[in-house]
Amino acid sequence: MLEAGGSAVDAAQIAVRVLEDDEVFNAGVGGAVDESGLVMTDAAIFRGDDLGYGACGAVAGIRNPVDLARAILDDGK
C-alpha cells in the first residue's frame, strides 16, 4: 500500500482488516463472545498529521470494525 502511494492510515487499516478476518486472532471474527454469545468489538484508527482519530466500542455484527472507525475518522463525527 505504501509503495503504491497510499497513506499510512490506509496501510494500517488494511493490516488490521487482515487480522480481523482471521479467526485465529482475538479481533473481528475471532473476538471473544459476551454472555449472550455475541462477538463485541472495538477499533480505533489515528491520523498523525492532524491528530485526527475515529473509534467505535462494543459493536456487534460488524466484520471489520476498523472500517467503521475509519469511516468515523473520515466523516469527522
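These notes cover the structure that comes with them. (Residues numbered from 1 in each chain as written. Predicted model: local features only at pLDDT ≥ 70, side-chain atom pairs only at ≥ 80, totals over all residues. Heavy atoms only, no water.)

Okay, a nonpolar patch on the surface next. Together, M1, I14 and V18 line one region of the surface with nonpolar side chains, adding up to about 260 Å² of accessible area. Locating M1 in the fold gives a position in the segment before α1 (8-20). Overall, M1 belongs to the partly exposed group, its relative accessible area being 45%. (Patch = residues over 30% accessible without salt bridge, like charges linked within 9 Å, V, L, I, M, F, W, Y side chains within 5 Å. Areas by Shrake-Rupley, 256 points an atom, 1.4 Å probe, with all protein chains shown as cover. Salt bridge = Lys/Arg side-chain N within 4 Å of Asp/Glu carboxyl O. Helix = DSSP H or I, 4+ residues; strand = E, 2+ residues; numbered from the N terminus. Buried < 20%, exposed > 50% of the residue type's maximum accessible area, 1.4 Å probe, protein only.)

Here we come to the side chain of T41. Structurally, T41 is set in strand β1 (residues 41-47). For T41, a relative accessible area of 7% corresponds to the buried category. When sequence neighbours within four positions are dropped, the list of residues in contact with T41 reads G28, G57, A58, V59, I62 and P65. (Contact = heavy atoms within 4.5 Å.)

Once that is clear, we can look at the packing of aromatic side chains. Within this structure, the stated rule accounts for 1 aromatic pair. Between F46 and Y53, the aromatic rings sit 6.1 Å apart at their centres with planes inclined by 35°, giving tilted as the arrangement. Taken individually, F46 and Y53 each receive the classification exposed, so the pair is uniform in this respect. (Phe/Tyr/Trp six-rings, centres within 6.5 Å; stacked < 30°, edge-to-face > 60°.)

The biggest cluster of nonpolar side chains holds 8 residues, and these are V9, A43, I45, C56, V59, V66, A69 and L73. The dominant element in this core, judged by the number of residues it contributes, is helix α2 (residues 65-75), at 3 residues. If we skip the residues at most four places from it in the chain, V59 touches V39, M40, T41, P65 and L68. (Core = buried A, V, L, I, M, F, W, Y, C linked by side-chain atoms within 4.5 Å.)

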